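Close look at the chain arrangement
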Amino acid sequence: MSAQSNTSRIWLSSPHLSGREIRYVQEAFETNWIAPLGPNVDNFEKELGEYIGSPHVAALSSGTAALHLALILSGVKTGDIVLCQSFTFSASANPIVYQGAIPVFIDSEPDTWNICPQALEEAIVHFLKRRQKPKAVILVHLYGMPAQLDEVLALCATHDIPVIEDAAEALGSAYKAKRVGVFGKFGILSFNGNKIITTSGGGALLSADEKAISQSRFLATQARDNAPHYEHTQIGYNYRMSNVCAGIGRGQLEVIAERVHQRRKNFDFYKNHLAALPGIRFQNEPEGFFSNRWLTALTVDPVLSGGVTRENIRLKLLEENIESRPLWKPMHLQPVFEGAPYFGGKVSEKLFETGLCLPSGSNLSETDMERVVLSIKKCFD
Ligand SMILES: *Cc1c(COP(=O)(O)O)cnc(C)c1O
């Protein structure tokens, strides 16, 4: 190993091009389908829908835009209650506020680290008693791990509340042999640069409801009514994916199976080399759940580790030019959401305190991961 490769930066999750993207992008250039829309967008939607098993897909400018449209199409308006998993990235919750609605945060359960069905039920009952029926539930498949879908879907069906699946991190993950993103009224995906595949920036909205998806395309292109001039009866958005970005996405989608395979291999590598260290635990994958292992996530219990903390490890990795990151800071602890109602205990808080994401890109070499493992082991010497 050269000194250079020994000190080069190892990233958490960087874009990994397949080489097949350029063909689609070139085609877009040659046919002058640069923007907006065009055949790459249509085909990306079709190919994505086939891969996931979702009958209708709208390609959009971001996962955040997809969530925003899902809320609009669920009828979320000013003052409405929307229940949202607390343990997530802020983009899951921000669109609630775009709508002037009230975010109510729900704790995680320890098995999958995703929304806790008991805490969710408590919140639903609480608001029903006050005649404030929640307008939607946003659950997240965090780091690629599917949430407890059976329990959550049954609960929301009982109370007739639409479920929005934030599958931004979970393309390729499955629950009981069905790909996630198709279980709720809406599913959303992200193709941001750090996700399992990228369009350089983009997202998608999924639904079995054809009318809802066609309405999302209408809203995403400035809500232009059918007239020769520009006629508007609704507020629109500029949320569509461009034909160039969709070309990148098509080239990325061709290799999604390999990307999932590689990320799962990364996880196995880390687990094999680190699970024996005292106090280290990896995110569990229960029977019937299949995670794309977007990021390998672990927790460090300082009582069992002999005092080694997540922060010791993060700083050690940083010293060795390796990027790692604490698990998401729960939304109910974020200054921007101060005062928002919260249901649950301290599961997500504890995960934030003790958890770390390791470099997990599908373009990492085994040498890179060996360097990560070695650095972590040094903390335990
Ligand atoms: C990345 C991400 C989003 C937002 O997606 P963008 O395409 O970046 O807008 C939403 N939710 C979660 C959980 C994410 O990780």
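About the criteria used
- Residues numbered from 1 in each chain as written.
- Predicted model: local features only at pLDDT ≥ 70, side-chain atom pairs only at ≥ 80, totals over all residues.
- Heavy atoms only, no water.
- Helix = DSSP H or I, 4+ residues; strand = E, 2+ residues; numbered from the N terminus.
- Rg over C-alpha atoms; globule rule 2.2 N^0.38 Å.
- Contact = heavy atoms within 4.5 Å.
- Areas by Shrake-Rupley, 256 points an atom, 1.4 Å probe, with all protein chains shown as cover.
- Lys, Arg positive; Asp, Glu negative; His and termini not counted.
- Charge placed at Lys NZ, Arg CZ, Asp CG, Glu CD.
- Near = heavy atom within 4 Å.
- Polar contact = N/O pair within 3.5 Å; in protein donor to acceptor, adjacent residues only side chain to side chain.
- Nonpolar A, V, L, I, M, F, W, Y, C, P; charged D, E, K, R; others polar.
- Pairing = 2+ DSSP bridges.
- Axes fitted to C-alpha atoms, helices over the stretch in contact; angles between N-to-C directions.
- Left-handed = near helix turned anticlockwise from the far one by under 90°.
- UniProt positions renumbered as here; feature names shortened; annotations may be inferred.
- 1 Å grid on protein atoms, 1.4 Å probe; cavity = no way out; pocket = protein on both sides within 12 Å on 5 of 7 lines; lining within 4 Å.
- Points joined across faces, edges and corners; volume = space filled by probe spheres on them.
- Domains from an automatic or database assignment.

1. Re the overall build of the chain
- In terms of helices and strands, the chain carries 13 helices and 15 strands.
- Relative to the globule expectation of 21 Å for 381 residues, the C-alpha radius of gyration of the chain, 21 Å, shows essentially globular dimensions.
- In terms of principal-axis extent, the alpha carbons of the chain reach across some 70 × 60 × 35 Å.
- Sequence-distant contacts, at least 24 apart, represent 72% of the contacts inside the chain between residues at least 6 apart.
- Looking at the chain as shown, the accessible area adds up to about 16,400 Å², and 52% of this sits on carbon and sulfur atoms.
- Here the chain contributes 37 positive and 40 negative side-chain charges, whose respective centroids are spaced 1 Å apart.

2. Topic: the site of the ligand
- In the region of the ligand, 15 residues are neighbours, and Thr-64, Asp-166, Glu-169, Ser-190 and Lys-195 sit closest.
- At 2.8 Å, a backbone N or O of Gly-63 approaches an oxygen atom of the ligand.
- Here an oxygen atom of the ligand and a side-chain polar atom of Lys-195 are 3.3 Å apart.
- A class-by-class count of the residues in the shell around the ligand yields 4 nonpolar, 8 polar and 3 charged.

3. Considering the sheet that holds strand β12 (residues 296-300)
- Taken in spatial order, the 4 strands of this open sheet run β10-β12-β15-β13, and their pairing is antiparallel. Of all strands in the sheet, those with a lone pairing partner are β10 (280-282) and β13 (325-326), marking the two edges.
- Taken together, the 2 bridges between β13 and strand β15 (residues 355-358) define a ladder with antiparallel strand orientation. Counted as the bridge partner of Pro-326 is Leu-356 from β15.
- Of the strands in this sheet, β12, β13 and β15 touch helix α12 (residues 347-354), which is tilted by about 55 degrees from β15.

4. A look at the packing of helix α3 (residues 39-52) against helix α9 (residues 243-253)
- At their nearest, the axes of α3 and α9 sit 8 Å apart, and the two run at 35 degrees to each other. Regarding α3 and α9, the two cross each other, and that crossing is left-handed. Residue-level inspection shows Pro-39, Asn-40, Val-41, Asn-43, Phe-44, Glu-47 and Leu-48 of α3 in contact with α9, the latter providing Asn-243, Ala-246, Gly-247, Gly-249, Arg-250 and Leu-253.

5. Overview of the sheet that holds strand β1 (residues 56-60)
- The sheet built from 8 strands is open, its strands ordered β1-β9-β8-β5-β4-β2-β3-β14 with mixed pairing. Bordering the open sheet on either side are β1 and β14 (342-343), each of which pairs with just one other strand.
- Sheet topology note: the strand β4 (residues 136-140)/strand β5 (residues 163-166) ladder contains 4 bridges and is parallel. Within the sheet, the bridge partner assigned to Leu-139 lies in β5 and is Glu-165.
- In this fold α3 packs onto β1, β8 (186-190) and β9 (203-207), with an angle of close to 130 degrees to the strand it touches most, β1.
- Against the sheet, helix α8 (residues 210-220) engages β1, β8 and β9, with an angle of about 15 degrees to β1.

6. Points about the UniProt feature "active site" (unreviewed entry) in the chain
- Within this structure's numbering, the places UniProt gives as "active site" (unreviewed entry) are Lys-195.
- One can find Lys-195 in the loop between β8 and β9.

7. Let's talk about the layout of surface pockets
- Each pocket or cavity is described by its volume, and for the largest pocket that value is around 390 Å³.
- In this structure, the largest pocket is lined by 18 residues; those nearest its centre are Arg-281, Thr-299, Lys-350, Leu-351 and Thr-354.
- Sort the elements by how many residues they give to the lining of the largest pocket and α12 lands first, with 4 residues.
- Here the lining of the largest pocket is composed, by residue class, of 9 nonpolar, 5 polar and 4 charged.
- Inspection of the lining of the largest pocket shows a minimum of three residues originating in each of domain 1 (21-253) and domain 2 (256-380).
- If you add up the space inside the second largest pocket, you get close to 250 Å³.
- If you trace the second largest pocket, you find 16 residues lining it, with Leu-12, Phe-89, Arg-325, Pro-326 and Trp-328 closest to the centre.
- For the lining of the second largest pocket, the class distribution of residues is 10 nonpolar, 3 polar and 3 charged.
- Lining the lining of the second largest pocket are residues from two domains, each supplying at least three of them: domain 1 (21-253) and domain 2 (256-380).

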